[in-house]
Amino acid sequence: MLSVLTGGLEAARLAQPPIAARVPELAPESIHAPHSALALEGVSLSFGGIHALRDVSFDLRPGEIRAVIGPNGAGKSSLVNVISGLYQADAGYIHLGGRRLRHLRPEALPKLGVARTFQNLALFPGLTVEQNVAAGLVFRRRHGLLAQLAGLPGARAEAAEVADRVRDVAGFLGITAHLHRLVSTLPYGLQKQVELARALVASPKVLLLDEPMAGMTATEKAEMAAHVRSARDRLGLATILIEHDIGVVMGLSDRIAVLDHGVKIADGTPPEVRRDPDVIRAYLGAEAA
Ligand SMILES: Nc1ncnc2c1ncn2[C@@H]1O[C@H](COP(=O)(O)OP(=O)(O)OP(=O)(O)O)[C@@H](O)[C@H]1O
């Protein structure tokens, strides 16, 4: 199953034109951070008098899990929202696909190989698991609903491709048995896995996970952590992980950036961050060191 999935991922990537060709509206200002999957350069963002992000620079290497931690209101969600185009930074640049950009449009993200999940469940409760996961491929479909209803050959072939792809991802995450159930009938932990499946179905290179384990039991967290690790190890995904459970973060991350009042106060491996005096003072507390 995995070879089918990774083969499918590779084929899907190869089938797409180069990023520069797909996103003509992004001016080729200059090429930076060529070894990063994604990077921020001096990003600042304010809401009135509140500085959500102050001159934050940050890089994500291909195939790494990069946590962003910090106290409530530190700027973690703002950082993900700038990357995903929901917020427009007041200053700074985003480096993605070898380009240096002032702003990303949310609808351009899937084509740039970036997928995200949200802090709160964002599924279609009246649809099945299969339909919810397939929604992650909507941007790539060439045939509309009418063509599908009319049973046009191209639309049928496309629907079969989508169904195959959904089954591959469901197999990867171990949720195949639930594909035909209404998503709202599943336990919370499984619904979060469906969200992950929807993010993975489009073969992204970069995954943004905003508190994927919030509200989960310890068992559900362990399962989700295993999936995030597999996505790195078996699919080569680069992941930004926002998470409050420090045990999960320390066990799962390759590197950790720490925000406090919108400022990046530390950046390093889990052991480096754990013993950083600024991080202990601002976030971890003395007992965690
Ligand atoms: N849309 C907004 N309008 C006004 N202020 C905002 C908005 N989004 C974020 N902020 C403010 O920006 C600061 C950073 O918020 P952000 O949500 O990024 O922090 P966070 O680290 O994700 O917090 P939490 O851990 O509580 O989710 C906070 O002071 C917050 O109140």
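So, here's what we can say about the structure. Per chain, residue numbering runs from 1 following the sequence as it is written. Residues qualify for local features only when their pLDDT is at least 70, as the model is predicted, and side-chain atom pairs are given and counted only at 80 or more; totals for whole chains, interfaces and linings, by contrast, use all residues. With hydrogens and water excluded, all non-hydrogen atoms of the structure serve as input to the side-chain values.

Describing the overall build of the protein chain
In this text, helices come from DSSP runs of H or I with a minimum length of four residues, and strands from runs of E with a minimum of two, each type numbered from the N-terminal end. What the protein chain contains, in helices and strands, is 11 helices and 10 strands. Burial classes follow relative accessibility: with a 1.4 Å probe on protein chains only, a residue under 20% of its type's maximum area counts as buried, one over 50% as exposed, and anything between as partly exposed. Every one of the 289 residues in the protein chain was classed for burial, and the buried ones make up 49%. Only heavy atoms matter for contacts: two residues are in contact if any of them lie within 4.5 Å across the pair. Here the contacts in the protein chain between residues at least 6 apart in sequence split such that 70% fall between residues at least 24 apart. Residue exposure ignores everything except the shown protein chains as possible cover, and the areas themselves are Shrake-Rupley values with a 1.4 Å probe. Surface accessibility of the protein chain: about 12,900 Å² in total, with carbon and sulfur atoms responsible for 57%.

As for helix α7 (residues 188-200)
With 13 residues, α7 ought to run about 18 Å at 1.5 Å a step, and its terminal C-alpha atoms sit 19 Å apart, in line with that. Gly189, Leu190, Gln191, Lys192, Gln193, Val194, Glu195, Leu196, Ala197, Arg198, Ala199 and Leu200 are the residues of α7 that are buried. What a helix should span is 1.5 Å times the count of its residues minus one.

A look at the sheet that holds strand β5 (residues 99-101)
When DSSP finds two or more bridges between two strands, those strands count as paired. Strands sit in the order β2-β1-β4-β5 across an open sheet of four strands; the sheet is antiparallel. Two strands close off the open sheet at either side, each with one partner strand: β2 (50-60) and β5. Shown here is a sheet whose adjacent strand axes are inclined to one another by a mean of 20°, direction ignored. Strand direction decides the pairing type here: strand β1 (residues 38-47) and strand β4 (residues 91-96), joined by five bridges, are antiparallel. Note that in β4 the partner of Leu38 across the bridge is Leu96. Its contacts with the sheet put helix α3 (residues 76-83) on β1, β2 and β4, and the angle it makes with β1 is roughly 115°. All axes here are fitted lines through C-alpha atoms, helices being fitted over the stretch that makes contact, and every angle between N-to-C directions spans 0 to 180 degrees.

Some points on the environment of Thr219
Residue placement: Thr219 occurs in helix α8 (residues 218-235). Considering only alpha carbons, one finds Thr219 and Gly70, 149 residues apart in sequence, at a separation of 24 Å.

A closer look at the pairing of β4
Pairing of β4 with β5, which is carried by three bridges, proceeds in the antiparallel orientation. Bridging across to β5, Leu96 finds its partner in Arg99. Adjacent in sequence and paired antiparallel, β4 and β5 are bridged by two residues, among which Gly97 carries a positive phi angle near 55°.

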